[in-house]
Amino acid sequence: MLLPSCSYWVLDVRKWVSDNILISLNKPTWLIAMANLFVVVHVIGSYQIYAMPVFDMIETVLVKKLNFAPTFTLRFITRNLYVAFTMFVGICFPFFGGLLGFFGGFAFAPTTYFLPCVMWLSIHKPKRWSLSWITNWMCIALGVSLMVVSPIGGLRTIIVQAKTYKFFS
């Protein structure tokens, strides 16, 4: 018996697994609840870290250019409005997962997967072919491949889903 081609298998799997793999799971409920809790904790922390430069930029413009007082109230209101705006954008676009894959390949893959390894190698200069040298180069190769493949997959997802795009779907 011949196995189906890889592209057929990938397309077949996409029918059964959604963008959010946690939605596809059915059992056990305690594991699904735990996984969702971990996702919420992760997103709360990582969103704050990645949005911090935007928060700072907005607050700087409001204080220096528009002469607002730098108070806790200003910080609270601007950050909540920014979070609400990004949530609105995420709700509006049904292909938001594709956008994340597309832009994540350009921005998050380098800063998360291989630039720290490159910096570590340049600072510590480990012995060639040592375990740490090999491990870092493997992470660099994986990170570069993710940086190339992720935007391609994200763009494909956007193109496929844009054909049936419905606002707030």
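Treat the numbers as computed from the prediction; the structure is a model and nothing was measured.

Notes on the environment of Gly101
Moving on, step 1. Tracing the chain through its elements places Gly101 in helix α5 (residues 96-124).
Moving on, step 2. A relative accessible area of 18% places Gly101 in the buried class.
Moving on, step 3. The sequence separation of Gly101 and Val149 amounts to 48 residues, and the corresponding C-alpha distance is 9.3 Å.
Moving on, step 4. Beyond its immediate chain neighbours, meaning those up to four positions away, Gly101 contacts Ser150, Pro151 and Gly154.

Focus on the packing of helix α3 (residues 29-65) against helix α4 (residues 72-92)
Packed helix pairs are characterised by how far apart their axes lie and by the angle those axes make with each other.
Moving on, step 1. The interhelical angle for the contact between α3 and α4, taken along N-to-C directions, is 125°, at an axis separation of 10 Å. With respect to α4, the element α3 is oriented oblique. The way α3 lies across α4 gives a crossing that is right-handed. Here Tyr47, Ala51, Met52, Val54, Phe55, Ile58, Glu59, Leu62 and Val63 of α3 lie close against α4, whose contacting residues are Leu74, Arg75, Thr78, Arg79, Tyr82, Val83 and Thr86.

Quick word on the packing of aromatic side chains
Moving on, step 1. Across all of its chains, the model carries 6 aromatic pairs by this definition.
Moving on, step 2. An aromatic cluster is built from Phe102, Phe103 and Phe106, whose rings are joined through pairwise contacts.

Examining the UniProt feature "transmembrane region" (unreviewed entry) in the chain
Moving on, step 1. Per the UniProt annotation, the sites labelled "transmembrane region" (unreviewed entry) are residues 30-55, 76-96 and 135-159.
Moving on, step 2. In this annotation, residues 30-55 is assigned 100% helix and 0% strand; the end-to-end C-alpha distance for the span is 36 Å.

So, the packing of α5 against helix α6 (residues 131-162)
Moving on, step 1. Look at α5 against α6: their axes get within 7 Å of each other, and the N-to-C directions meet at 170°. Between α5 and α6, the angle falls in the class roughly antiparallel.
Moving on, step 2. Looking at the contact of α5 with α6 residue by residue, the classes come out as 21 nonpolar, 9 polar and no charged.

Observations concerning the pattern of salt bridges
Moving on, step 1. Inspection of every chain in the model, using the stated rule, returns 2 salt bridges.
Moving on, step 2. The partner of Arg75 in a salt bridge is Glu59, with the nearest N and O atoms 3.6 Å apart. With Arg75 in helix α4 and Glu59 in helix α3, the pair connects residues that are 16 residues apart, well separated along the chain.
Moving on, step 3. Exposure remark for Arg75: the relative accessible area of 43% places this residue in the partly exposed category.
Moving on, step 4. Note on Glu59: relative accessible area 10%, which makes it buried.

Digging into the environment of Pro70
Moving on, step 1. Looking at the element boundaries, Pro70 is found in the loop between α3 and α4.
Moving on, step 2. Measuring from C-alpha to C-alpha, the distance between Pro70 and Thr60 comes to 8.9 Å, with 10 residues separating the pair along the chain.

Some thoughts on the environment of Glu59
Moving on, step 1. Separated by 15 residues in the primary sequence, Glu59 and Leu74 place their C-alpha atoms 7.8 Å from one another.
Moving on, step 2. Once you skip the residues sitting within four places of it in the chain, Glu59 turns out to touch Arg75, Thr78 and Arg79.

As for α6
Moving on, step 1. With 32 residues, α6 extends 46 Å between its outermost C-alpha atoms, agreeing within 8% with the 46 Å of an ideal straight helix rising 1.5 Å per residue.
Moving on, step 2. Those residues of α6 that sit buried are Trp133, Asn136, Ile140, Gly143, Pro151, Gly154, Thr157 and Ile158.

What about the nonpolar core?
Moving on, step 1. Phe114, Cys117, Leu121, Trp133 and Ile140 form the largest nonpolar core, which has 5 residues in total.
Moving on, step 2. Of the residues forming this core, the biggest block, 3 residues, is contributed by α5.

How each quantity is defined
Residues numbered from 1 in each chain as written. Predicted model: local features only at pLDDT ≥ 70, side-chain atom pairs only at ≥ 80, totals over all residues. Heavy atoms only, no water. Helix = DSSP H or I, 4+ residues; strand = E, 2+ residues; numbered from the N terminus. Buried < 20%, exposed > 50% of the residue type's maximum accessible area, 1.4 Å probe, protein only. Contact = heavy atoms within 4.5 Å. Axes fitted to C-alpha atoms, helices over the stretch in contact; angles between N-to-C directions. Parallel < 35°, antiparallel > 145°, perpendicular 65-115°, else oblique. Left-handed = near helix turned anticlockwise from the far one by under 90°. Phe/Tyr/Trp six-rings, centres within 6.5 Å; stacked < 30°, edge-to-face > 60°. UniProt positions renumbered as here; feature names shortened; annotations may be inferred. Nonpolar A, V, L, I, M, F, W, Y, C, P; charged D, E, K, R; others polar. Salt bridge = Lys/Arg side-chain N within 4 Å of Asp/Glu carboxyl O. Expected span 1.5 Å × (residues − 1). Core = buried A, V, L, I, M, F, W, Y, C linked by side-chain atoms within 4.5 Å.

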